[in-house]
Amino acid sequence: MAEYIKLIDLTKCTGCRACQVACKQWNELPAEKTGFSGSLQNPLDLSYDTWTLIRYDEFEEDGGTKWIMRHDACMHCDWPACVKACPSPGALVKTDTGAVVHDKRFCIGCKACVVACPFDIPRYSKKEEKIAKCTLCYDRITDGKPPACVNACPTGCLQFGPKEQMIEQAHKRADAVGGAVYPSNPKYETHVLYVIPTEIQLAQLQHVNPNPKMPTTILWWKNLFKPFTLLGIGGVAGLAALHYMIKGPHRVSEKEEGGEADG
Amino acid sequence: MDISRRSFLKLTGGTLAVAGIGVGVGVTPALAQPRKIRYASEVPTICPYCAVGCGIIAHVRDGKVINTEGDPNHPVNRGSLCSKGSALFQIPNNDKRLNAVLYRAPGSDHWEEKSWDWALDRIVRKIKDARDKGFQKRNSKGQIVNRVENIASLGGAGLDNEEVYSLVKFKRALGLVYIEHQARI
Amino acid sequence: MTNHWIDIAHADVIMIIGSNAAENHPISFKWVNEAREKRGAKLINVDPRFTRTSATADNYVRLRSGSDIAFIGGMINYALTNGRIQKDYVVNYTNAAFLVDPEFRGPTDLDGVFSGLSDSKYNKTTWKYQMDADGNPKKDPTLKDSNCVYQLMKKHYSRYDIKTVCEITGGDPKAYDEVYDLYTSTHKPEKSATIMYAMGATQHTYGSQNVRSYAVLQLLLGNIGVAGGGINALRGESNVQGSTDHAALFHILPGYLNTPKASQQTYEQYVKESTPVSNDPMSANWWGNYPKYSASLLKAFWRDADLETGYSYLGKIDNGKNYSTIPIIEQMAWGKIKGLFCWGQNPAVACPSSRLVRRALAKLDWLVAVDLWETETASFWQKEAGVDPSAINTEVFLLPAAASMEKEGSISNSGRWAQWRWKATDPPGDARDDLYIITELVYKLKGLYKKEGGAFPAPILDLNWDYAKMGMDGHVHHPNPREVAKEINGFFLKDKEINGKVYKAGQMVPSFAFLQDDGSTCSGNWLYCNSVSDTENKMMRRGTSDPSGQGFFHDWSWCWPVNRRIIYNRASVDMQGNPWAKDKPVIWWDGLSKKWLGDVPDGGWAPGSKYAFIMLPYGHARLFAPGMADGPFPEHYEPLESQVRNLLSKQQESPVIFRWDKAVQGQVCDPMLVEGAAACVFGSPDKDKFPIVCTTYRVTEHWQAGQMTRWLPWLGELVPDMFIELSEELAKEKGIKNGNKVRITSIRNLEGIVAYAMVTKRFRPFVVDGKKLHQIGMLWHFGYKGRVTGSIANDLTPLIGDANTMIPEYKAFLVDVNREEV
């Protein structure tokens, strides 16, 4: 299976949020209970039930108004910190498509990935005691369909294709509009790339890590603790024990972030 | 945009074949599909929101719409949709949809469920009584006008062509002149 | 749309004005971006607000709400004074060379009005052409005669210089100059520019003239009929094009035929007055075919009645009387209308002065609402509507309808494509499709009239309704929309020989050229004739080939008229039949086969043998349009409610709008009183109390009056609350912070409505006539029903309409905004 990249061309986003809804639709995620947020951004942040989100940033520049809409979701790192951090086999997997996929069945809710992610992507549900995030629609891309968000995008802002082709396209487009490609660190590859318009500083945007790196703690965890822990415990019983160690006894909590059940 | 939809897609036009009069369409199971929609029939539809007229495929299994997404073969939207079109799934799958005839009696503070026959019989009685009372053979100038001014009809932009044509035909046959819809507001 | 969605990709410049296409027609941006990427096209956005469309535009220019005619007038003046017109096109295809009556006077002569004004109406006797001995308009192809349309226009627009224009609009002269230069650069034959507009243009007391000014501009630049050109109304409802074509409107019958007037007592007289005549052999004068279309329509309605009888079955409207939505509201408020049907429409939210609408609904004896959801209209009697149910005696029937995927039929998009939708699933519970409901009403009513007799039963008893096999009870119970589609297309009622070929009774009429005026054909809508053939319902076609590469997609569905994808396309070629633009031809003449190739041509005649605009009696597009109620040229007036005096003339507002407040003095205003403020009162006299300009609008996540989106959890999540947008400056003046609740009031609603405040850099005050002018914007999607609810914006809007169409002025009225005490 080839490696793919999702390309996000911010010069073309009109903030219609087709991607945000298409994601919920394909992945069968419930609507959250939201309120007036002071801007169009809603929900305000990613969550267990919201895997992709359009973020709206407005500011003044040269006396004019700039309004930038940004599709925010998992970056699908080539060397994903979440996978490295995850102690439970199969819960977070980097696939050969480049998609970093989570499988709720194996998630033990330890939140190691939440801490590890340099982009602050995985979201934890207290109710479910699991994490969730964008899977790059692994079930679609392995069947020859683009991710739901890309399929829905009307403006050409979201594109999806073979890795090399998308990298080339990203740079071509960045050159054409005088913009930049993000992330630009050659030592930190991702399967999501942005074309950022020239007049935009990354610092002006919400929820962007301008210089993503693998957290050093992860290197320690990966090399020393993780193999040891799993070997030492082993098996399903071991996982349950690990879950108990991290989480304490299971409690059925009141409705917290489930949103509306119908959908 | 091109790569993501046109060459990348395996979804073929074959399953969305052209249909002539009297021939159904889109009941071919699509094999090359993610598990969620595998073996579902694909029924082409057009988005009911704005007038761009985007193509949407409804995936149907056991008579239930299990997925909706942009029709990649549609020349205008090429698979894409906006937030409203993307949410279309929640129209056929929505527990707030009306599923019974509701009636509110004069002065009442609640709905009552009624049968179609009861409601339609009562409605036509109301139409006929109003029409018979309000029918104007001549206007104040004595010209023959054969019209009814005490009944009005609003709406139609959400109906199919065949429905709105029938609606207009029906209303004109009644002699109504107050016939209007969303195009003028 | 004169053109279609895909064709936007052919534009060299795109101007989105009076529209927020990125939000309300998001998929249009696929083609806007295609033009920008592939052709290097530039996107201009003109709007009082900085919207999601503005965010992506190359040039964003501001104007205050209601000053569009000044803005476009400035651009027309720029084109005329800088030689930025496509001269060959203007001389040959428009009425620029026509000579006008020397007695005609315009706003330049009469300080803001045209000749013939008296008693709020124009007597149009001077708005006419000078005629030659053959009865054709006199012309001066040199365009030098001082009475020719071109010279009159030059004079008219000379007052619209950039400085004056910017004083009126509050815009920036430098930015305007740049945009005028960019847009008018498409006067070159090989270049084209498109205008995308929507309700921001039409919802004004001079909305039709806004659109007229686009037409004038586009004609001068040679941008009509060509690829990447046109004036493109982005229509807001999925089938509002179809429902307009099929005439769910008081003034027309299906196919834009006229509703008979009381003065037209016979069919003969009706046909004579409806059929234009031209004595010029070069003029195709297509409406000369009117009698064929009207006869076929009558036969579709009443198959067995002769034409005269069928005509007598149609209700006649009084000459000069208006029966549109605003009068319906007024007549309901008066208790004159006793019964109302609402087919998927929600006037309690969507109509102007909606508080009055809800009051008016309470005066009805009965209301039948057909919808997918419980709407505000259907539940106007509930406590949530702020009323006492026991005081309301209206009987209400709420009939559950099938949604688009739960039935089959066609809808027509903005580009006039009639596309078929197949049934995917059954409607929930007891819900039924509208065709079923209408059919049941028809047969039950037929039964009742047969049994009891009554007033003029013939039109109902004779009404043809055979859309499926008759049941044992003599009723059709399961009407087939495919059969309705056949009747709309039309078929032969008896064997008929045309051009040596015999068409059998029952055969589909191949196209409207074959329709007959003698009653031997039926066709429910001549424009849709050709949509269904004997072998195929073309609206079902799903062919994706595009052999010319011009994006016509002739095998995808079907488009009226006769599958022509770009109308007025005879204007896309020069007099010899060569496309103005070689790289994006629409049609081109093939000398060998003596045929037009490319799109379906506007008539097959050889190049130069017929005038380009075949639907007009004189064959030339109208720069001077005497048919308009408010002037043959667009002239700037202020909205009825305005803080600004008209800086161009002493005529403040349009002189011919129908003023409910004046027409219904005293006594008539009484029943329209709504909690202390009359709905028919307008705010101009009370400027100080309502200093802020307000406009209503939509966002991409909701739709129209909201009943189709407020019930959907995913859309409610995105925009859960009613809000207004206002500038940081106004917020500071008023002590409002982002996220505060505010109360908005208008003279019609002193109590006001409550909404959240979105304080944003995207709104800025204007400076007009030396004064700071604030503008706010308000969503109109909300109401008291749905998973997400909020205040109804139209509780503030004025009950006043455009002089031509009666479309309400939602886009400019006066309000005040204050922080809601908590």
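**Let's talk about the overall build of chain C**
In step 1: Helix and strand content of chain C: 24 helices and 31 strands.
In step 2: Taking the principal axes of the C-alpha coordinates as reference, chain C spans close to 80 × 70 × 50 Å.
In step 3: Taken over 822 residues, chain C has a buried fraction of 70%.
In step 4: Looking at chain C alone, contacts between residues at least 24 apart form 71% of all its contacts between residues at least 6 apart.
In step 5: Of note, chain C has its 92 positive side-chain charges centred 2 Å away from the centre of its 93 negative side-chain charges.

**Brief notes about the side chain of histidine 191 of chain A**
In step 1: Among the structural elements, histidine 191 of chain A can be located in the loop between strand E9 (180-182) and strand E10 (192-196).
In step 2: Only 3.4 Å separates the side chain of histidine 191 of chain A from the backbone oxygen of glycine 98 of chain A, close enough to count as a polar contact.

**Here we look at the interface of chain B and chain A**
In step 1: The partner chain A presents 33 residues to the 29 residues of chain B that form the contact.
In step 2: Counting each side, the surface lost to burial between chain B and chain A is near 2,400 Å², with a carbon and sulfur contribution of 52%.
In step 3: Applying the counting rule to chain B against chain A returns four salt bridges.
In step 4: The residue arginine 38 of chain B makes a salt bridge to aspartate 143 of chain A at a minimum N-O spacing of 3.2 Å.
In step 5: Joining chain B to chain A, the criterion identifies 10 residue pairs in polar contact (both at pLDDT 80 or more).
In step 6: Sorting the residues of the side of chain B that touches chain A by element identifies helix H1 (2-7), strand E3 (64-70) and helix H2 (83-86) of chain B as the ones contributing at least two each.
In step 7: Ranked by residue count, the leading element in the side of chain B that touches chain A is E3 of chain B, at four residues.

**Digging into the sheet that holds strand E26 (residues 741-746) of chain C**
All names here are of chain C.
In step 1: Here we have six strands rolled up into a closed barrel, ordered E24-E30-E25-E27-E26-E31, and mixed in their pairing. Each strand axis lies, on average, 45° off the axis of its neighbour in the sheet, ignoring direction.
In step 2: One ladder, built from five bridges, connects strand E25 (residues 723-727) with strand E27 (residues 749-760); its direction is parallel. The partner of serine 727 across the bridge, within E27, is threonine 760.

**Notes on the packing of aromatic side chains**
In step 1: Inspection of every chain in the model, using the stated rule, returns 61 aromatic pairs over all chains.
In step 2: Ring centres of tryptophan 116 of chain B and tyrosine 436 of chain C lie 6.1 Å apart, and the angle between their planes is 85°; on these two criteria the pair is classed as edge-to-face. Residue tryptophan 116 of chain B is located in helix H3 (residues 116-134), and its partner tyrosine 436 of chain C is located in helix H19 (residues 434-452); the two belong to separate chains.
In step 3: Relative to tryptophan 127 of chain C, the ring of phenylalanine 114 of chain C has its centre 6.0 Å away and its plane inclined at 65°; by these criteria the two rings are edge-to-face. With phenylalanine 114 of chain C in the loop between helix H6 (107-110) and strand E4 (117-118) and tryptophan 127 of chain C in the loop between strand E5 (121-122) and helix H7 (149-157), the pair connects residues that are 13 residues apart, well separated along the chain.
In step 4: Using a relative accessible area of 1% as the deciding quantity, one classes phenylalanine 114 of chain C as buried.
In step 5: Ring-pair connections join several aromatic residues into one group, and the members of that group are Tyr267, Tyr270, Trp286, Trp287, Tyr290, Tyr293, Tyr311, Phe512, Trp526 and Trp605 of chain C.

**Details of the interface of chain B and chain C**
The extent of an interface is frequently quoted as the accessible surface area lost upon association of the parts.
In step 1: Counting residues at the interface gives 126 residues for chain B and 178 residues for chain C.
In step 2: Of the roughly 13,200 Å² buried where chain B meets chain C, counting both sides, 63% is carbon and sulfur surface.
In step 3: Looking at the side of chain B facing chain C, the largest losses of area belong to Trp116, Arg184 and Ile185 of chain B, adding up to 7% of the total buried there.
In step 4: At the junction of chain B with chain C, the criterion picks out 14 salt bridges.
In step 5: The residue lysine 444 of chain C makes a salt bridge to aspartate 121 of chain B at a minimum N-O spacing of 2.9 Å.
In step 6: In this structure, the connection of chain B to chain C is made through 90 residue pairs in polar contact (both at pLDDT 80 or more).
In step 7: Here the side of chain B that touches chain C takes 16 residues from H3 of chain B, the largest share from any one element.
In step 8: Of the residues in the side of chain B that touches chain C, the class split is 67 nonpolar, 30 polar and 29 charged.
In step 9: Across five bridges, strand E7 (residues 144-155) of chain B lies against strand E10 (residues 339-343) of chain C in parallel orientation. Bridging across to E10 of chain C, leucine 154 of chain B finds its partner in cysteine 342 of chain C.

**With respect to the confidence of the model for chain A**
Keep in mind that low pLDDT regions are not for reading the predicted coordinates in detail.
All names here are of chain A.
In step 1: Per-residue confidence for chain A gives a mean pLDDT of 86, with 83% of residues at or over 70.
In step 2: Ranking the elements of chain A by mean pLDDT puts helix H8 (residues 235-247) last with 49 and strand E1 (residues 4-9) first with 98.
In step 3: In this model, residues 232-238 is a region of pLDDT below 50 whose contacts with residues beyond four sequence positions or in other chains number three contacts.
In step 4: Segment residues 248-263 is flagged for pLDDT under 50; beyond a separation of four residues in sequence, or across chains, it makes 30 contacts in the model.

**Observations regarding the packing of helix H4 (residues 161-174) of chain B against helix H21 (residues 481-489) of chain C**
In step 1: Where H4 of chain B contacts H21 of chain C, the axes come no closer than 9 Å and their chain directions differ by 65°. Classified by the angle between their axes, H4 of chain B and H21 of chain C sit roughly perpendicular to one another. The chirality of how H4 of chain B crosses H21 of chain C is left-handed. Here Asn161, Glu162, Tyr165, Ser166 and Lys169 of chain B of H4 of chain B come into contact with H21 of chain C, specifically with Pro481, Val484, Ala485, Glu487 and Ile488 of chain C.
In step 2: A per-class count over the contact of H4 of chain B with H21 of chain C returns five nonpolar, two polar and three charged.

**Details of helix H11 (residues 207-220) of chain C**
Residues and elements named next belong to chain C.
In step 1: The end-to-end C-alpha distance of H11 is 20 Å, a good match for the 20 Å that 14 residues give at a rise of 1.5 Å each.
In step 2: Along H11, 14 of the 14 residues are buried, which leaves the element largely enclosed by surrounding structure.
In step 3: Following H11 by one or two positions, glycine 222 has its phi on the positive side, about 70°.

**Thoughts on the nonpolar core**
Residues and elements named next belong to chain C.
In step 1: Judged by nonpolar contacts, the single largest core of 276 residues is most densely connected at Leu399, Ile744 and Ile776.
In step 2: When residues in this core are grouped by element, the largest group, 10 residues, is from H19.
In step 3: By size, the runner-up hydrophobic cluster in this structure holds 81 residues, among which are Val100, Cys166, Leu623 and Phe624.

About the criteria used
Residues numbered from 1 in each chain as written. Chains lettered and ligands numbered in written order. Predicted model: local features only at pLDDT ≥ 70, side-chain atom pairs only at ≥ 80, totals over all residues. Heavy atoms only, no water. Helix = DSSP H or I, 4+ residues; strand = E, 2+ residues; numbered from the N terminus. Buried < 20%, exposed > 50% of the residue type's maximum accessible area, 1.4 Å probe, protein only. Contact = heavy atoms within 4.5 Å. Lys, Arg positive; Asp, Glu negative; His and termini not counted. Charge placed at Lys NZ, Arg CZ, Asp CG, Glu CD. Polar contact = N/O pair within 3.5 Å; in protein donor to acceptor, adjacent residues only side chain to side chain. Buried area = accessible area lost by both parts, 1.4 Å probe. Salt bridge = Lys/Arg side-chain N within 4 Å of Asp/Glu carboxyl O. Pairing = 2+ DSSP bridges. Axes fitted to C-alpha atoms, helices over the stretch in contact; angles between N-to-C directions. Phe/Tyr/Trp six-rings, centres within 6.5 Å; stacked < 30°, edge-to-face > 60°. Nonpolar A, V, L, I, M, F, W, Y, C, P; charged D, E, K, R; others polar. pLDDT = per-residue confidence, 0-100. Parallel < 35°, antiparallel > 145°, perpendicular 65-115°, else oblique. Left-handed = near helix turned anticlockwise from the far one by under 90°. Expected span 1.5 Å × (residues − 1). Core = buried A, V, L, I, M, F, W, Y, C linked by side-chain atoms within 4.5 Å.

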